[in-house]
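An overview of the molecular structure
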Amino acid sequence: MAAIREDDVLPFPARAFAVVANRHESYDPREVGRVLADDGVFVTQQVGGRDLEEVNRALGAPPPAYRGWDLARAAAGLAGAGLTVTWSARARVRTTFHDVGALVLFLRMVPWQVPDFDAARYGHRLRALHDRMAGGRPLTAHACRFALLARR
């Protein structure tokens, strides 16, 4: 295991690994292909670019920065690097926020969702959400995930 600082320059020799695993991180398909052994396998689980976009909409925030990132784009990138996707799956999972405090805590823990999030900056929208939630109408969003396996 090694921490990678730049996706496009992996500090390993060519064909060094039988398995390359990736979870929620970016990667360069060419570099993954370069470091995979001839019978190597790449497995990744990714957050889709439309992840929880309803949260952004409810706050009047810009959409997620990587909105176009999805299974099709990931598979095409790997195919372009000479890898074959042998398995893939996607999921859209309902996520419900019943409390504005929980939403604020969440947004502080995942700063990439709304990069300029500040409770004061979004105070008006948060108060409106609080009123809505207090009235029994939670904020429902959808977590978007996908996973795939690719082989050389």
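I will try to describe carefully the structure that is included in this document. (Residues numbered from 1 in each chain as written. Predicted model: local features only at pLDDT ≥ 70, side-chain atom pairs only at ≥ 80, totals over all residues. Heavy atoms only, no water.)

A separate point is the nonpolar core. Val55, Leu59, Leu103, Phe117 and Leu126 are the most contacted members of the largest nonpolar core, which has 19 residues in total. When residues of this core are traced back to their parent elements, those giving at least two are helix H2 (53-59), helix H4 (100-109), helix H5 (123-134) and strand S4 (139-151). Counting residues per element, this core draws most heavily on H4, at four residues. Counting 14 residues, the second largest nonpolar core, distinct from the first, contains Tyr27, Val32, Val35 and Leu83. (Core = buried A, V, L, I, M, F, W, Y, C linked by side-chain atoms within 4.5 Å. Buried < 20%, exposed > 50% of the residue type's maximum accessible area, 1.4 Å probe, protein only. Helix = DSSP H or I, 4+ residues; strand = E, 2+ residues; numbered from the N terminus.)

Let us look at the pairing of strand S2 (residues 36-47). It is a general feature of regular strands that their side chains alternate between the two faces of the sheet. Here strand S1 (residues 17-23) pairs with S2 via six bridges, running parallel. Within the sheet, the bridge partner assigned to Arg23 lies in S2 and is Gln45. Following the backbone out of S1, through helix H1 (residues 29-35) and into the adjacent parallel S2, one traces a crossover that is right-handed. Examined bridge by bridge, S2 and S4 share seven bridges and lie antiparallel to one another. Looking across to S4, one finds that Gln46 is bridged to Phe146. (Pairing = 2+ DSSP bridges. Right-handed = clockwise from strand over helix to strand, strands pointing away.)

With their axes 9 Å apart at the nearest point, H4 and H5 run at an angle of 135° to one another. Relative to H5, H4 is oriented oblique. Along the contact surface, H4 presents Val100, Leu103 and Val104, while H5 presents Leu126, Leu129, His130 and Met133. Here the contact of H4 with H5 is built from residues that sort into six nonpolar, one polar and no charged. (Axes fitted to C-alpha atoms, helices over the stretch in contact; angles between N-to-C directions. Parallel < 35°, antiparallel > 145°, perpendicular 65-115°, else oblique. Contact = heavy atoms within 4.5 Å. Nonpolar A, V, L, I, M, F, W, Y, C, P; charged D, E, K, R; others polar.)

Moving on, we come to the sheet that holds S4. Overall, mixed pairing links the four strands, which are arranged S1-S2-S4-S3 in an open sheet. Taken across any chain shown, the strands that pair with only one partner, and hence form the sheet edges, are S1 and strand S3 (84-97). For this sheet, the mean inter-axis angle between neighbouring strands, taken without regard to orientation, is 10°.

It is worth spelling out the packing of aromatic side chains at this point. Following the criterion strictly, the structure yields six aromatic pairs and no others. On the numbers, 6.1 Å between centres and 65° between planes, the contact of Tyr27 with Trp69 is edge-to-face. With Tyr27 in the loop between S1 and H1 and Trp69 in the loop between H2 and helix H3 (71-80), the pair connects residues that are 42 residues apart, well separated along the chain. Residue Trp69 is classed as partly exposed on the basis of its relative accessible area, which comes to 22%. Taking the centre distance of 5.4 Å and the plane angle of 55° together, the rings of Phe97 and Phe106 count as tilted. Judged by its relative accessible area of 8%, Phe97 is buried. (Phe/Tyr/Trp six-rings, centres within 6.5 Å; stacked < 30°, edge-to-face > 60°.)

Applying the stated criterion across every chain yields a total of seven salt bridges. The closest approach of N and O atoms between Asp38 and Arg15, which form a salt bridge, is 2.7 Å. A residue pair is termed long-range when its members are at least 10 positions apart, and Asp38 in strand S2 and Arg15 in the segment before S1 qualify at 23 residues. Under the relative-accessibility criterion, Asp38 is labelled exposed at 54%. Note that Glu53 is salt-bridged to Arg50, the shortest N-O span being 2.8 Å. The class for Glu53 is buried, based on a relative accessible area of 10%. The network of salt bridges with shared partners includes Arg50, Glu53 and Arg67. (Salt bridge = Lys/Arg side-chain N within 4 Å of Asp/Glu carboxyl O.)

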